[in-house]
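Structural description and commentary
What follows is each chain in one-letter form.
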Amino acid sequence: GQQVMQIPQYQHVQEGEDFTTYCNSSTTLSNIQWYKQRPGGHPVFLIQLVKSGEVKKQKRLTFQFGEAKKNSSLHITATQTTDVGTYFCAGLDSGTYKYIFGTGTRLKVLA
Amino acid sequence: EAGVVQSPRYKIIEKKQPVAFWCNPISGHNTLYWYLQNLGQGPELLIRYENEEAVDDSQLPKDRFSAERLKGVDSTLKIQPAELGDSAVYLCASSSPVGELFFGEGSRLTVL
């Protein structure tokens, strides 16, 4: 079945450093979404990418969807302590119309 | 606008006991999902509803799990009997017309 993997699994950075998480699907996706889950919280929607090669920015966050629509990345510039949490990608399988969540990247920011 | 409401937030039961979780989605959201999330892992889909119809329940362990959404609004997920391995967070979500998922706070189940 479809699998969505994320790397790295964990990342510790000093406040002010940049951070990137990568999402890779075994199959082509219709679109991809990104979610942030704070410790003890629930996933919160960040963004949705639909087009091949699409790039979207939200303040310090930059999201990219690969040309083949099988991979995506989230880049945070100059991390802050408020960025702490687990970042999940969720890819929409066009055949099953099912969102498959990635394995997540847990970010810790050291002040 | 109220978000997705789930109850109870926490439930501790002994194995073999039944348990039920309730979810009220965002008003107007026709699509409702139940996900299971184990510690340190991403949410895994259990069942998806379009209005009152279960359109994807392929991942629902039907020998012990059941779900219903009788009037196409709120939904209940039941486990009977619960096993130790069912300890997890059960997340309910509803989606906007563009597909954005709104999650509830989740129901954390501990089976002793």
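Remember, it's a predicted structure, so these values are computed and weren't measured experimentally.

1. Quick look at the pairing of strand β8 (residues 71-76) of chain A
All names here are of chain A. In terms of strand pairing, strand β3 (residues 19-25) meets β8 through six bridges, oriented antiparallel. Pairing of Asn24 across the sheet is with Asn71, part of β8. In this structure, strand β7 (residues 61-65) lies alongside β8, joined through five bridges in antiparallel fashion. Following the sheet pairing, Phe65 is matched in β8 by Ser72. Remark: five residues form the turn of the hairpin made by β7 and β8, two consecutive strands paired antiparallel; Lys69 in that turn has positive phi of roughly 55°.

2. Observations concerning the interface of chain B and chain A
The interface is formed by 19 residues belonging to chain B together with 15 residues belonging to chain A. Both sides together, the interface formed by chain B and chain A hides about 1400 Å², and carbon and sulfur atoms give 52% of it. Contact with chain A buries surface across chain B, with Pro43, Leu101 and Phe103 of chain B losing the most and accounting together for 28% of the total. Inspection of the chain B/chain A interface yields one salt bridge. Where Lys98 of chain A meets Asp56 of chain B, a salt bridge forms, and the shortest distance between an N and an O atom there is 3.3 Å. Listing elements by their share of the side of chain B that touches chain A, those giving two or more residues are β4 (31-37), β5 (44-50) and β10 (101-103) of chain B.

3. Details of the sheet that holds strand β7 (residues 65-68) of chain B
Residues and elements named next belong to chain B. Taken in spatial order, the four strands make up an open sheet running β1-β3-β8-β7, and their pairing is antiparallel. On the outer flanks of this sheet lie β1 (5-7) and β7, each paired with one strand and no other. On average, adjacent strands in this sheet sit at an angle of 15° to one another, irrespective of strand direction. With four bridges joining them, β7 and strand β8 (residues 75-79) adopt antiparallel strand pairing. Looking at the pairing, Ser66 lines up with Lys78 of β8.

Basis of the calculations
- Residues numbered from 1 in each chain as written.
- Chains lettered and ligands numbered in written order.
- Predicted model: local features only at pLDDT ≥ 70, side-chain atom pairs only at ≥ 80, totals over all residues.
- Heavy atoms only, no water.
- Pairing = 2+ DSSP bridges.
- Helix = DSSP H or I, 4+ residues; strand = E, 2+ residues; numbered from the N terminus.
- Contact = heavy atoms within 4.5 Å.
- Buried area = accessible area lost by both parts, 1.4 Å probe.
- Salt bridge = Lys/Arg side-chain N within 4 Å of Asp/Glu carboxyl O.
- Axes fitted to C-alpha atoms, helices over the stretch in contact; angles between N-to-C directions.

Spatial relationships are all this shows, so hold off on functional conclusions.
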